[in-house]
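Topology and contacts: notes
Chain by chain, the residues:
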Amino acid sequence: MLTLQLLPFTPTHSTALQLPKQRKNIRNNSPVQLQKSLSSQNLSYHLLALDSVSTVHALKSCTGSRNLELGTCIHATVLKSGLHANVFVNNSLLDTYRKCGCMEEAIKLFDHMSRRTVASWTSMISGYCHNGLADEGISTFVQMLEIEYPNEFTLAAALQALAQNCNFRFICVVHSYIVKSGFLEDSFLQNSLIGAYAKSGVLVEAVKLLERFSSRDVVSWTSVISGFMLHGLMREALLVFFRMQEDGIIPNEVTILSILHACSFIGGQRLLQWIHGLVSKLGWCRHELVLNCVAQMYLTNGYFREGIQIFSKFCFDGEGQFVSPETMATLLQGCGHSSFLKLGKQLHGYLIKHGFSSCVVENSLIDMYAENEESDSAFEVFARMNARDIISWNSLITCLVKNGEFHEALMLLKDIHSNRGGETVRPDFITMLEAIQACSNLSSFMPGQVIHGCITKAGLICDIFIQNALISMYGRSGRLDLAEKIFEEIPTKDLGSWNSLIAAYGINGNGRRALQAFTELNKSSPHKPNSITFTNILSACSHAGLVEVGYEMFNCMKEYAVEPSMEHFVCLVDLLGRSGKLEEAEAFIKEMSVTPSNDVWRALLGACGFYGNISIAERVANKLSIQDPEGKVWRVSLSNIYACRGQWENAAKVRAGLRQVEGMKREGGWSIVEVEGEMFRFMVNDTRHPESKLIYAVISGMMKHVREDVTNLL
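One structure accompanies this document, and this report is about it. (Residues numbered from 1 in each chain as written. Predicted model: local features only at pLDDT ≥ 70, side-chain atom pairs only at ≥ 80, totals over all residues. Heavy atoms only, no water.)

1. A word on the overall build of the chain
Across its full length, the chain carries 38 helices and two strands. The burial tally for the chain puts 45% of its 714 residues in the buried class. Counting contacts in the chain only where the partners sit at least 6 residues apart, residues at least 24 apart contribute 62% of the total. Summed over its atoms, the accessible surface of the chain is roughly 37,800 Å², and 53% of this surface lies on carbon and sulfur atoms. (Helix = DSSP H or I, 4+ residues; strand = E, 2+ residues; numbered from the N terminus. Buried < 20%, exposed > 50% of the residue type's maximum accessible area, 1.4 Å probe, protein only. Contact = heavy atoms within 4.5 Å. Areas by Shrake-Rupley, 256 points an atom, 1.4 Å probe, with all protein chains shown as cover.)

2. Here's the deal with the pattern of salt bridges
On inspection of all chains with the given rule, the structure shows 11 salt bridges. A salt bridge links Asp599 to Arg602, with the nearest nitrogen and oxygen atoms 2.9 Å apart. With a gap of three residues between them, Asp599 and Arg602 both fall in helix H34 (residues 598-611), about one helical turn apart. Residue classification places Arg602 among the partly exposed positions, given a relative accessible area of 28%. Look at the salt bridges and you will find they share partners, linking Asp599, Arg602 and Asp628 into a network. (Salt bridge = Lys/Arg side-chain N within 4 Å of Asp/Glu carboxyl O.)

3. Here we look at the packing of aromatic side chains
Using the criterion set out here, one finds 18 aromatic pairs in the structure. Geometrically, the ring pair formed by Phe554 and Phe588 is edge-to-face, given 5.8 Å between the ring centres and 80° between the ring planes. One end of the pair, Phe554, is in helix H31 (residues 547-555); the other, Phe588, is in helix H33 (residues 582-590), and 34 residues separate them in sequence. In terms of burial, Phe554 and Phe588 fall into one category: buried. Ring geometry for Phe569 versus Phe588: centroids 6.0 Å apart, planes at 50°, classification tilted. With a gap of 19 residues between them, Phe569 in helix H32 (residues 566-578) and Phe588 in helix H33 connect regions that are remote in the sequence. The residues Phe569 and Phe588 share a single accessibility class, namely buried. Following the ring pairs from residue to residue traces out a cluster consisting of Phe241, Phe242 and Trp274. Over the ring of Phe110 we find Arg116; its NZ or CZ atom is 4.2 Å from the centre of that ring. Just above the ring of Phe382 sits the side chain of Arg388; from NZ or CZ to the centre is 4.4 Å. (Phe/Tyr/Trp six-rings, centres within 6.5 Å; stacked < 30°, edge-to-face > 60°. Lys NZ or Arg CZ within 6 Å of the ring centre and 35° of its normal.)

4. Here we look at a nonpolar patch on the surface
A cluster of nonpolar residues, Ile695, Tyr696, Ile699 and Met703, forms a patch on the protein surface that exposes about 340 Å² of accessible area. Mapped onto the elements, Ile699 comes out in helix H38 (residues 692-713). On the basis of relative accessible area, Ile699 is assigned to the partly exposed category, the value being 40%. (Patch = residues over 30% accessible without salt bridge, like charges linked within 9 Å, V, L, I, M, F, W, Y side chains within 5 Å.)

5. Some details on the packing of helix H26 (residues 464-476) against helix H28 (residues 495-507)
Running from N to C, H26 and H28 point in directions that differ by 5°, and their axes come no closer than 8 Å. It follows that H26 is roughly parallel to H28 by the angle criterion. Across from Ile464, Asn468, Ile471, Ser472, Gly475 and Arg476 in H26, the residues of H28 making contact are Gly496, Ser497, Ser500, Leu501, Ala504 and Ile507. Here the contact of H26 with H28 is composed, by residue class, of five nonpolar, six polar and one charged. (Axes fitted to C-alpha atoms, helices over the stretch in contact; angles between N-to-C directions. Parallel < 35°, antiparallel > 145°, perpendicular 65-115°, else oblique. Nonpolar A, V, L, I, M, F, W, Y, C, P; charged D, E, K, R; others polar.)

6. Some details on the environment of Leu576
Locating Leu576 in the fold gives a position in helix H32. For Leu576 and Tyr551, which are 25 residues apart along the polypeptide, the C-alpha to C-alpha distance reads 9.3 Å. Discounting chain neighbours no more than four positions away, the residues touching Leu576 are Val547, Tyr551, Lys581, Glu584, Ala585 and Phe588.

7. Digging into helix H8 (residues 152-164)
Between its first and last C-alpha, H8 extends 19 Å over 13 residues, near the 18 Å set by a 1.5 Å rise per residue. All buried positions along H8 are accounted for by Thr154, Leu155, Ala156, Ala157, Ala158, Leu159, Ala161, Leu162 and Ala163. The distance from a side-chain oxygen at the start of H8 to the backbone nitrogen of Phe153 is 3.1 Å, and the residue carrying that oxygen is Asn151. Just beyond H8, the residue with positive phi is Cys166, at close to 50°. (Expected span 1.5 Å × (residues − 1). Polar contact = N/O pair within 3.5 Å; in protein donor to acceptor, adjacent residues only side chain to side chain.)

8. Quick word on the side chain of His568
Take His568: it is sitting in helix H32. Under the relative-accessibility criterion, His568 is labelled buried at 0%. One polar contact links His568 to Thr535, side chain to side chain, over a distance of 3.1 Å.

Pasting the structure below:
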């Protein structure tokens, strides 16, 4: 057993090398603490002598376990015992500090070393590389060349630093030095050279070296494959893998993971099945990382059933194996986007049963419930989370906005700012974008202005998506002046900017300005109108009653290579209906090249209600009774049309039919009003507001004045 003698340590001014400052997470180097640390490493505390061999052995032990605390304690004892001049001890200390990520301490130790060997320089170069300081590693290598001759390990470390820095010219210089020094036969150095060229993007040279070296092994091939993948050349990486198989080299785990990643990017069911079969044939199906990667490969390419099969084999047929949080998150997202809510709930139960708690997984659960309009379940998952990040908050806010709960979404944003959840999180780009969308749907001006200020303060105002959303929000709030101001301040406008401005004009009934913006888009912008542009311009013409212009816009869509969609048909029917041309609208629907959707017929039915045309309304209702037999919206509209024309018996029949539809419960209509930035929601004859008596008294007074004014006019 290793023995060390612990001597009382008293710092003196004569000490040549001072102990490096400890990090905050390192406790005091008391004798009691050192004894505990030594015991944890199976080392004895009651020791007789401290020599270089035992010290190097002790440092090697704490390096392997990444025990920085013990390494610092041993360093303190080394300083007092006089071993700080021993180059082997110093090299071991360097290795400990750099592998524990403490490069500052390693640099101080290196600078005070009275004697340095090749191992000292190599350790520093490797330390810089492993801690992301490639420039410092290269600089250290250059300094070393003035003093020492590098060995194969030094050259390998230098090549790693050069590869991180993508310094092709310097790699060529080191390559020449390797050839001149006779190190080229070393297989380890050959792989380092191939890896350096591959990571630097000089893939042609990497392939040449691979073909030239007779001792190429799995590391050589994997380095080239990784190099192609690193630079986005997935198909080329796959071709190299095929050549590797022809060379008789059996892939290792890193190779398999790389190829699975490449196949995931390439896609295609046959390719995915081929690589899955190869993985099974080579016996990698029992490795958790590989199986997770196979499942991810299927899920990201939309093969949900195959991903589920991998999951079932993984968790129920495997030997206590569990999928990674990332794979489980992808699986849950697939359940959400593929409308497999029942399966998603079963997976949720599986997670609860096995105590599978992960922020990434819980965020995906929220997203899954949001996609299936289960806001209550999403909120329940959110409330039970042990730790939330900004993605958790964004997922729930997005869920509420997607399901029309805009006011609740804004309340969540308020909770983030007040730190009500206990987490220190800051709203990001997604948070603000969803908040603007909530304000836009509520046509809420004052909260929108507050959010606009927060966005400006956070430095997000320059984002084009944020700017486009603000244009839409101010347009829906009736503030065209502010919408136009933001539009003018955008330095580089994209098509979304123009679409948002045209939509803002259309919502406010300013069809002429919308047409002017459309003309300016064609003249001064490099972008061409798309399907959304024409939806917005047709809607603007509809609100402004510009029938002929709307027809012209609809007919010129094909000139811009835009095929009319159902949304465009709805807009045109609405345009004709609002203008009172109900017969033309009905004829247009009959001549449509595609089967009219429910929205097309509803648009015509709404126009019939406005103009009281019962005959067309009945024909439309007959169509909807076939296409939407359980629909309640069109039944209510038809009933209202009968009632407006005084046909109470027909209205009653429609209402009776409405009640007979199975499971149909009509929700009470409600409205929302904003007063001094606060939102109030109310229904017909609502008395829940504390000042409801005063509100009804004011309304009664207003109605009295209206009746008096009408009487005076008559």
